[in-house]
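# Analysis of the macromolecular model
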Amino acid sequence: MSELFAGVDLGGTGIKAVMGTSDGRIVAEGHIPTHSHEGPQAVLKRIATLVEQLAQQAQGQPVAVGMGVPGLVDVAHGVTKFLPNMPTQWRDVPAAQTLSDLLHCPVRILNDARAATLGELKFGRGRDRPSLTFAFFGIGTGIGGGVVVDGKLRLGPLGAAGELGHQTVIPDGPLCGCGNHGCLEAVASGPAIAFEGQRLMRIGLAPRLHEIVKGHTEAVTTREMVAAAEAGDEAIRDAIIRAVTYLGIGVSTVATVLHPELIVIGGGVAEMGAMLFDRVREVVRQRIRMFPTDTIAIEPSLLGERAGELGALALAAQ
């Protein structure tokens, strides 16, 4: 039997994990709520229990474990430095060593967006393309990212290279969770787009959206907004196009600096489909004048919502 590895995707509300082989074949998977209010040690014990359950299903122990976490980590020492959406922010938690002691195998940790980028490199668009250069934008509750140059994920000295969501696209724009103003995340993340949809609904400019969510503003997500735009809500369509234009500006900036062969867009917001991708491609054509943009493909992730745990699996197998 092939060696088994475990990949864990730690989120603020849920934890997903897989057990599989180095080529990405999954033999067991599971998910549990995070219960982050219980604190880092309790969460790590729950992760260890989940991995042990998957090992029983797979009838084999993992050789190593990889884990993506939502924030800044000390990659070399396996220590979480700042997880902004977790209680206590997990400052200086030796997460890798704690899990290693519980599971009796090596553990590596990485920022979750960089892990998703690694997943796309190993098992998605980068598979069988050993010298590929690309950037990954993961758009959901926030906007994370990663950069691959000549087939290698680039992390920088703090593992923070690739924070594509925190480039400034509007000087003096809305306050971002990172403390800066006008970040791409502040205007083009899922919550930012949905908030504008809620506002338009409240002031009577989104009748189709109102029908779709039956008047419940808290039910508004980008998925309902796309449906409303397609049903005739022009104000909602304009709001989506405006947010996606900012995304296009961010993609253009990264593409100008990096000149990649490929831009991959993943996360829940990418499910907007053509409304997102057509506009981003149009903005890139308009804004990049230094070289032909037809050399840069802009495509959805092949891994979808599984990019995180598959990237963690790839991290474990390295």
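Coordinates for the structure precede this section.
Just so you know, these numbers come straight off a predicted model, no measurement behind them. (Residues numbered from 1 in each chain as written. Predicted model: local features only at pLDDT ≥ 70, side-chain atom pairs only at ≥ 80, totals over all residues. Heavy atoms only, no water.)

### Observations concerning the overall build of the protein
Applicable threshold: Counting from the N terminus, the helices are DSSP H or I runs at least four residues long and the strands are E runs at least two residues long. The contact rule is simple, with two residues in contact once any of their heavy atoms fall within 4.5 Å. To measure how exposed things are, a 1.4 Å probe is used in the Shrake-Rupley method; for residues, cover is taken only from the protein chains shown.
Of regular secondary structure, the protein possesses ten helices and twelve strands. Taken along the three principal axes of its C-alpha coordinates, the protein extends 55 × 45 × 35 Å. Intrachain contacts of the protein at a sequence separation of at least 6 include 61% that bridge at least 24 residues. Here the protein displays about 14,300 Å² of accessible surface, and carbon together with sulfur accounts for 52% of that area.

### Let's talk about the sheet that holds strand E3 (residues 26–33)
Note the threshold: Any two strands between which DSSP finds at least two bridges are classified as paired. Note on method: axes are straight lines fitted to C-alpha atoms, helices fitted across the in-contact stretch only, with angles between N-to-C directions ranging 0 to 180 degrees.
The five strands lie next to each other as E3-E2-E1-E4-E7, forming an open sheet whose pairing is mixed. Both edges of this open sheet fall to E3 and strand E7 (107–111), since each of them pairs with a single strand only. Averaged over all pairs of adjacent strands, the angle between their axes in this sheet comes to 15°, without regard to strand direction. Strand direction decides the pairing type here: strand E4 (residues 62–69) and E7, joined by five bridges, are parallel. Residue pairing in the sheet places Gly68 in a bridge with Leu110 of E7. Against the sheet, helix H1 (residues 40–58) makes contact with strand E1 (4–10), strand E2 (14–20), E3 and E4, and its axis sits at roughly 150° relative to E3, the strand it touches most. Sheet strands touched by helix H10 (residues 307–317): E1, E2, E3, E4 and E7. Its angle to E1, the strand with the most contacts, is close to 135°.

### Section: the sheet that holds strand E8 (residues 134–139)
Pairing within the open sheet is mixed, and its five strands lie in the order E10-E9-E8-E11-E12. Because the sheet does not close on itself, it has two edges, and the strands there are strand E10 (152–154) and strand E12 (297–300). This sheet shows a mean twist of 25° between the axes of neighbouring strands, independent of strand direction. Pairing of E8 with strand E11 (residues 262–266), which is carried by five bridges, proceeds in the parallel orientation.

### Focus: the pattern of salt bridges
The test is simple: The term salt bridge refers to a pairing of a side-chain nitrogen on Lys or Arg with a carboxyl oxygen on Asp or Glu at a separation within 4 Å. A 1.4 Å probe rolled over the protein chains alone gives each residue an accessible area, and that area as a share of the maximum for its type sets the label: buried under 20%, exposed over 50%, partly exposed in between.
This model, assessed by the stated rule, comprises twelve salt bridges. A salt bridge links Lys16 to Glu309; its shortest N-O distance comes to 3.6 Å. Of this pair, Lys16 sits in strand E2 while Glu309 sits in helix H10, and the two are 293 residues apart along the sequence. For Arg281, the salt bridge identified is with Asp278, shortest N-O distance 3.7 Å. Taken together, the residues Arg281 and Asp278, both in helix H9 (residues 274–287) and three residues apart, mark about one turn of the helix. On the basis of relative accessible area, Arg281 is assigned to the partly exposed category, the value being 27%.

### Let's talk about H9
Each α-helix winds once per 3.6 residues, and so residues spaced three or four apart point in a common direction. Let me state the cut-off plainly: Multiply 1.5 Å by the residue count of a helix minus one, and that product is the helix's expected span.
In this model H9 runs 20 Å from its N-terminal to its C-terminal C-alpha over 14 residues, within 8% of the 20 Å that 1.5 Å per residue would give. Those residues of H9 lying buried are Met275, Leu276, Phe277, Arg279, Val280, Val283 and Val284. Looking at the buried residues of H9, the elements they touch are helix H7 (222–230), helix H8 (234–258), E11 and E12.

### A closer look at unusual backbone geometry
For His104, which is not glycine, the phi dihedral falls at a positive 60°. A positive phi angle is found at Asp128, which is not glycine, with a value near 65°. With respect to the helices and strands, Asp128 occurs in the loop between helix H3 (112–123) and E8.

### Examining the side chain of Asp233
This is how the line gets drawn: Here Asp and Glu are counted as negative and Lys and Arg as positive; His is not counted, and neither are the chain ends.
By secondary structure assignment, the location of Asp233 is in the loop between H7 and H8. It is Arg208 that comes nearest to the buried, bridge-free Asp233 among opposite-charge side chains, at 4.9 Å. When residues no more than four places from it in sequence are discounted, the contact partners of Asp233 are Ala206, Pro207, Arg208, Leu209 and Ala228.

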